[in-house]
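# Structure at a glance
As a plain string of letters, each chain reads:
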Amino acid sequence: MSAMSTDIDPTLLEKAKKVIENAYAPYSNFRVAALVATSDGHHYWGVNVENASYGLTICAERIAIGAALTDGKKNISQVYVFVESNQPVPPCGACRQVITEFNPDAEIIACSLRTGICKRWRAKELLPEAFTLDYIPKSENA
Ligand code: THU
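Presented here is an overview of the structure given in this document. (Residues numbered from 1 in each chain as written. Predicted model: local features only at pLDDT ≥ 70, side-chain atom pairs only at ≥ 80, totals over all residues. Heavy atoms only, no water.)

### Quick look at the site of the ligand
- Within the structure, the ligand sits among S28, F30, V32, N48, E50, T57, C59, A60, E61, P90, P91 and C92.
- Taking N48, its side chain carries an N or O atom lying 2.9 Å from an oxygen atom of the ligand.
- Alone, the ligand offers 370 Å² of accessible surface; in the complex the protein occludes 80% of this.
- Along the lines of polarity and charge, the residues of the shell around the ligand split into seven nonpolar, three polar and two charged. (Near = heavy atom within 4 Å. Polar contact = N/O pair within 3.5 Å; in protein donor to acceptor, adjacent residues only side chain to side chain. Areas by Shrake-Rupley, 256 points an atom, 1.4 Å probe, with all protein chains shown as cover. Nonpolar A, V, L, I, M, F, W, Y, C, P; charged D, E, K, R; others polar.)

### A few points about the layout of surface pockets
- The volume enclosed by the largest pocket comes to roughly 170 Å³.
- Lining of the largest pocket is provided by 14 residues; of these, F30, V32, N48, C59 and E61 occupy positions nearest its centre.
- Of the residues contributing to the lining of the largest pocket, the split by class is nine nonpolar, three polar and two charged. (1 Å grid on protein atoms, 1.4 Å probe; cavity = no way out; pocket = protein on both sides within 12 Å on 5 of 7 lines; lining within 4 Å. Points joined across faces, edges and corners; volume = space filled by probe spheres on them.)

### Considering the packing of aromatic side chains
- Taken as a whole and judged by the stated rule, the model has four aromatic pairs.
- For the pair W45 and F82, a centre-to-centre distance of 5.8 Å together with 25° between the ring planes defines the contact as stacked. Here W45 is found in strand β3 (residues 43-47), whereas its partner F82 is found in strand β4 (residues 76-83), with 37 residues between them in sequence.
- Taken together, a centroid distance of 6.0 Å and an interplanar angle of 0° make the contact between Y80 and F82 stacked.
- Taking the relative accessible area as the measure of exposure, Y80 reaches 12% and is therefore buried.
- An aromatic cluster is defined as three or more aromatic residues linked by ring pairs; in this entry it consists of W45, Y80 and F82. (Phe/Tyr/Trp six-rings, centres within 6.5 Å; stacked < 30°, edge-to-face > 60°. Helix = DSSP H or I, 4+ residues; strand = E, 2+ residues; numbered from the N terminus. Buried < 20%, exposed > 50% of the residue type's maximum accessible area, 1.4 Å probe, protein only.)

Printed below as a string of C-alpha cells:
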C-alpha cells in the first residue's frame, strides 16, 4: 500500500516548527513533533522525549496521544508527524499499535518541515492484521 502525497494547512506547519523546538532529543538529534486531531476538533501536540537509558525514549506520537487521553479525548481522527529532515517519516511500529488501539481508520499524515512534502496513510494500512481488544476473550470461558 503506497502512501498518498497530500497537502496540509500551512498554519499547522508553522505551529509545528515552533513545537518541534521543545523536542528532547540530545542522543539522536532527530527532533519530532506530533499532532493529534480529534473528530470534535481538538488538537494535542507532542514531542519526542529521549532518555540516557535509550530504550525509555517516547515518540512524539505517543506523547500527543497521552495528552489527548489526559484531556478525556479518545476520538482520534488524525495523527500528524513532523520532522526536520527531507523525507516525511511514518510512525514506528509501537506508535502504529497505539494509534490503532483508538482508531484503525485514523489518518496518519507525515510531513517534512524542510521540504513541505507530506504523505498520508490510514493506520490500518500501516498496521494490517493488528492485534486488538477483539482478540482478548471477554471471559475465562470464551
Ligand atoms: N521518533 C518519533 O518521535 N516518532 C517517529 O515517528 C519516529 C521516531 C523519535 C524517537 C527518537 O527520539 C528519535 O525519533 C530517533 O529515533
